[in-house]
Protein chains: 2
Amino acid sequence: MREIFEAELKQVGSDLAEMSRQVEIAISNAGTALLTADLHLAETVIVADEAIDAFERDLDTRCVHLLAQQAPVATDLRVIVTALRISSSLERMGDLARHVAEFSRRTYPNPAVPQAISGTFADMHIAATRVAQRTTALIETRDIDLAKSIEEDDDRLDALHEDNFTALLGGHWNGTAQQTVDTALLSRYFERFGDHAVSVARRMVYLVTGDFPEDHPTDGRARL
Amino acid sequence: MREIFEAELKQVGSDLAEMSRQVEIAISNAGTALLTADLHLAETVIVADEAIDAFERDLDTRCVHLLAQQAPVATDLRVIVTALRISSSLERMGDLARHVAEFSRRTYPNPAVPQAISGTFADMHIAATRVAQRTTALIETRDIDLAKSIEEDDDRLDALHEDNFTALLGGHWNGTAQQTVDTALLSRYFERFGDHAVSVARRMVYLVTGDFPEDHPTDGRARL
């Protein structure tokens, strides 16, 4: 009985890692589609998000069954509750990648981001892809040093988000209202993506150490 | 033993309702502060959000303890897992109300929303306050007919969000880049507030009927 349960717990862990890999691919492709106005790639991201959503539903169902059937305590319980939380954050990260892709699809064949600030979005793409890769690695290896790197990636995304607003609100911006709105929202999606990665990272630290670094990291720094 | 457990479960339910009442006050005050440029009221909302966050942490801790100590099954398990989910949505709704208040504080003594579209935001304020009130009532009474009304309120918020973008992107908008950005983000906060209420409503329907109306209602309709 115990062996089956342990196999099931292990499976939850691998599934979370697989879900995180899918999110990693999603944000990487979404960023590329955004920067290169690649309609086909954007559509790939939009379709693939359904699989990420299905993953979350499936993981949730299994976690609740494990709670019901095994009545886990201590570490086992912590693993399952943490998995429920993390799958929810990953699902949301998938949504944000999809939103970025949806912008690219809508503006095609034009790029969604004006030339003047495409460099900042290229940096956001790099930082967001890196944060997603580290999230997968953290889930797989439980190496909590990665959590610190994830916080740094998130700080980088926050700083780039600021840069976008400085560009939008400085005197040199001459984009249309549509471009202003698009830039503000796209930038916010990348920024929120980082927040959710930090949330996953803190949950993993809790899982490994029993210590929660700080509650509610998310969105304390919404750009005003 | 069973009696204590039942008392604790009941307490979780009343605490969720109380948390929801605080969110209701937050969005009501945040909207008023936004529409009347009331700095003091905005600050009240910002400070009160800490209590909402603390509420979530406390509820979570108790839910995990109940899982560990009581190993609940069937309906009891469903109540606890649902409470974990709902408190997370309510916490996020509190954050969104705080964001609205932060905009009012930043632009004070000027209103954050230009006169031309303040009517749409007045309607958003009404719809968001109503959706929050219905969310509290649904948690308190478990009357799942309220879930349908909540979906309708959310549709209303989505439509108003569209109206804002139509105003921003139509030919008649003459706001500054700052006003364009502020309007887009503020409008998004109200729209997301409705999404989270729908998420709570669907969780409550699941709790009462065992049937989940539709997974992941949130943010399928992000304005592009």
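Everything numeric here is computed off the predicted structure, so don't read it as measured data. Throughout this document, residue positions are counted from 1 along each chain, in the order its sequence is written. By the order in which they are written, chains take letters starting at A while ligands take numbers starting at 1. Owing to the predicted nature of the model, reporting of local features is limited to residues with pLDDT of at least 70; listing and counting of side-chain atom pairs is limited to 80 or more, with chain, interface and lining totals taken over all residues. Note: side-chain values were computed over all heavy atoms of the structure, leaving out hydrogens and water.

### Considerations on the packing of aromatic side chains
To be explicit about the condition: Working definition: rings of Phe, Tyr and Trp (its six-membered ring) pair if their centres are within 6.5 Å, and the pair is stacked with planes under 30 degrees apart, edge-to-face with planes over 60 apart, and tilted otherwise. The helix count covers DSSP runs of H or I at least four residues long, the strand count covers runs of E at least two residues long, and both are numbered beginning at the N terminus. Think of it in three bands: residues with accessible area under 20% of the maximum for their type are buried, residues over 50% are exposed, and the middle band is partly exposed, with areas taken using a 1.4 Å probe on protein chains only. Any Lys NZ or Arg CZ that is within 6 Å of a ring centre and within 35 degrees of that ring's normal is treated as a charge sitting over the ring.
Tallied over the entire structure, the rule returns four aromatic pairs over all chains. Here F103(B) and Y189(B) contribute two aromatic rings whose centre-to-centre distance is 5.8 Å and whose plane-to-plane angle is 75°, an arrangement assigned as edge-to-face. With a gap of 86 residues between them, F103(B) in helix α3 (residues 74-107) and Y189(B) in helix α6 (residues 177-209) connect regions that are remote in the sequence. For F103(B), a relative accessible area of 0% corresponds to the buried category. The ring of Y206(A) is capped by R78(A), whose NZ or CZ atom sits 5.5 Å from the centre of that ring. Taking the ring centre of F103(B) as reference, the NZ or CZ of R106(B) above it sits at 5.3 Å.

### Digging into the UniProt feature "domain: PhoU" (unreviewed entry) in chain A
Residue and element names in this part refer to chain A. Cut-off, in case you're wondering: UniProt positions are given in the numbering used here, feature names are shortened, and annotations may be inferred rather than shown by experiment.
In this numbering, the UniProt entry assigns the feature "domain: PhoU" (unreviewed entry) to residues 16-102 and 124-203. The distance separating the terminal C-alpha atoms of residues 16-102 is 25 Å; by composition the span is 94% helix and 0% strand. Secondary structure over residues 124-203 splits into 88% helix and 0% strand, and the C-alpha atoms at its two ends are 24 Å apart.

### Observations concerning the relation of the copies chain B and chain A
Operational definition: Superposing the copies works by least squares over the C-alpha atoms of residues that have pLDDT at least 70 in both of them. Residue contacts are defined here by distance: any two heavy atoms, one from each residue, within 4.5 Å place the two residues in contact.
The operation relating chain B to chain A is a screw motion whose rotation component is 180°, with 0.0 Å of axial translation and a residual RMSD of 0.0 Å. What we have between these two chains is a two-fold relation. For chain B, the residue whose C-alpha comes nearest the rotation axis is A71(B), separated from it by 2.4 Å. A share of 100% of the interface residues of chain B reappears at the interface of chain A, consistent with the copies meeting face to face through the same patch.

### A word on the state of the cysteines
Inclusion rule: Criterion for a disulfide: a pair of cysteine sulfur atoms within 2.5 Å.
Here the structure, examined in full by the defined rule, presents zero disulfides over all chains. Looking at C63(A), it has no disulfide partner, and the nearest cysteine sulfur is the one in C63(B), 16 Å off. For C63(A), a relative accessible area of 1% corresponds to the buried category.

### Remarks on the confidence of the model for chain A
Quick reminder of the rule: pLDDT measures how confident the predictor is about each residue, on a scale from 0 to 100.
In this model, chain A carries an average pLDDT of 91, and 94% of its residues clear a pLDDT of 70 or more. Between residues 220-224 of chain A, whose pLDDT stays under 50, and residues either more than four places distant or in other chains, the model counts 19 contacts.

### Quick notes on α6(B)
Residue and element names in this part refer to chain B. In plain terms, the rule: What a helix should span is 1.5 Å times the count of its residues minus one.
In this model α6 runs 48 Å from its N-terminal to its C-terminal C-alpha over 33 residues, within 8% of the 48 Å that 1.5 Å per residue would give. Counted residue by residue, α6 has 27 buried out of 33 residues, so it is predominantly covered. Of the residues trailing α6, G210 is marked for its positive phi of about 80°.

### Re the pattern of salt bridges
Residue and element names in this part refer to chain A. Operational definition: The working definition used for a salt bridge is a side-chain nitrogen of Lys or Arg within 4 Å of a carboxyl oxygen of Asp or Glu.
Under the counting rule described, the total for this entry stands at 36 salt bridges over all chains. In this structure, E6 and R2 form a salt bridge, with 2.9 Å as the shortest nitrogen-oxygen distance. Highlighted residues: E6 and R2, both in helix α1 (residues 2-36), separated by four residues, approximately one helical turn. Of the charged contacts, one joins D49 and R98 as a salt bridge, the two residues approaching to 2.6 Å between their closest N and O atoms. One end of the pair, D49, is in helix α2 (residues 39-70); the other, R98, is in helix α3 (residues 74-107), and 49 residues separate them in sequence. Like R98, D49 is buried.

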